[in-house]
Amino acid sequence: MMKMKKLALLSLLLSTGITACPIGGSDSFTHLSPQQAKEMMDHSSPLTILDVRITSDCPCADANIIDEIIKKHIDSDADYTSNTLTRGFPRGIDAEVINFSVLEKAYENATDKFEKEHVTPFIYKTHPEDFKIVQYETKNDNSDIRITLDTPQDYALLCSVYDNLYDKNEFFSLEDIIELFNNKPYLKDINSEITQKK
């Protein structure tokens, strides 16, 4: 059975002014519905200036990459920073950093069902002209690797990833994943026929 990384990984992200909190008391981070966005805001401390969003279908989150996205966000004085707007990272190494005030604005102004369900498309898709949006890019294109959890095939692949990497280092990195796929290229075949939901 696949072991999931502990939420301790995400606790590495926490510092004054940055919030990463599970929604609804669950042990996972998930897409934010309007009610969940409100709950996220309610759980944020009065000092919160940034929110870090990692969805529960991304069990291979890399704390180092997330830290780099946070740093780029702060250094760029951005409203929203992500590594997903242009694909280069494997699907499943997704992270978003959002200024709390921008998350509030999205919550208060979203009207479309898709915006309400996913919240951040209000920022980067519907109203990009209203926000400073920054893409965190990678030098290498590994977008052909899919390590997200949406289908039984994805689960089978993630079991293989965890079987190969978790016992060596429970906080394995994207570099470890890339090395694994380079050494065992057949792993990509497990979920290669899956088309990502839009």
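Preceding this paragraph is the structure being described.
Bear in mind the structure is a predicted one, so any value in this text is a computation, not a measurement. (Residues numbered from 1 in each chain as written. Predicted model: local features only at pLDDT ≥ 70, side-chain atom pairs only at ≥ 80, totals over all residues. Heavy atoms only, no water.)

## Some thoughts on the pairing of strand β2 (residues 50-53)
Going by this rule: Type-normalised accessible area, obtained with a 1.4 Å probe on protein chains alone, sets the label of each residue: buried when under 20%, exposed when over 50%, and partly exposed for intermediate values. Secondary structure follows DSSP: runs of H or I at least 4 residues long count as helices, runs of E at least 2 residues long count as strands, and numbering of each begins at the N terminus. When DSSP finds at least two bridges between two strands, those strands are taken to pair.
The alternating pattern of β2 places Leu50 and Val52 on one face and Asp51 and Arg53 on the opposite face, and all of these are buried. Bridge count between β2 and strand β4 (residues 96-99): four bridges; the pairing is antiparallel. Bridged to Leu50 within β4 is Asn99.

## Topic: the nonpolar core
Side chains that are nonpolar tend, in soluble globular proteins, to be buried together. Just so we agree on the cut-off: Side-chain atoms within 4.5 Å link the members of a nonpolar core, which is a set of buried Ala, Val, Leu, Ile, Met, Phe, Trp, Tyr and Cys residues. Should any heavy atoms of two residues lie within 4.5 Å, those residues are considered in contact.
Within the largest apolar cluster, 29 residues are counted, with the highest numbers of intra-cluster contacts made by Cys60, Ile93, Ile147, Val161, Phe172, Ile177 and Phe181. Listed by contribution, the elements that provide at least two residues to this core are β2, α3 (63-76), α7 (152-165) and α8 (174-183). Those residues in contact with Ile177 that sit more than four places away from it in its chain are Cys60, Ile93, Ile147, Val161, Leu165 and Phe172. If you look at the next biggest cluster of nonpolar residues, it comprises ten residues, including Tyr80, Val102, Ala106 and Ile123.

## Focus: unusual backbone geometry
For Asp77, which is not glycine, the phi dihedral falls at a positive 55 degrees. Relative to the assigned elements, Asp77 resides in the loop between α3 and β3 (80-82). The class of Asp77 is exposed, set by a relative accessible area of 63%.

## Overview of the state of the cysteines
The following threshold applies: We call a pair of cysteine sulfur atoms a disulfide when they lie within 2.5 Å.
Across all of its chains, the model carries zero disulfides by this definition. Between Cys58, a cysteine without a disulfide, and Cys60, which holds the nearest cysteine sulfur, the sulfur-to-sulfur distance is 8.6 Å.

## A closer look at the pattern of salt bridges
Heads up, the condition is: A pairing counts as a salt bridge when a side-chain nitrogen of Lys or Arg comes within 4 Å of a carboxyl oxygen of Asp or Glu.
Per the counting criterion, the structure on display carries six salt bridges. Measuring nitrogen to oxygen at the nearest pair gives 2.6 Å for the salt bridge that ties Asp75 to Lys71. Here Asp75 pairs with Lys71, and both are found in helix α3, just four residues apart, close to one helical turn. Each member of the pair, Asp75 together with Lys71, is exposed. In this structure, the salt-bridge partner of Arg87 is Asp94, at a minimum N-O distance of 3.1 Å. Owing to a relative accessible area of 25%, Arg87 belongs among the partly exposed residues under this scheme. On the basis of relative accessible area, Asp94 is assigned to the buried category, the value being 18%. One salt-bridge network, in which partners are shared between bridges, spans Arg146, Asp150 and Asp154.

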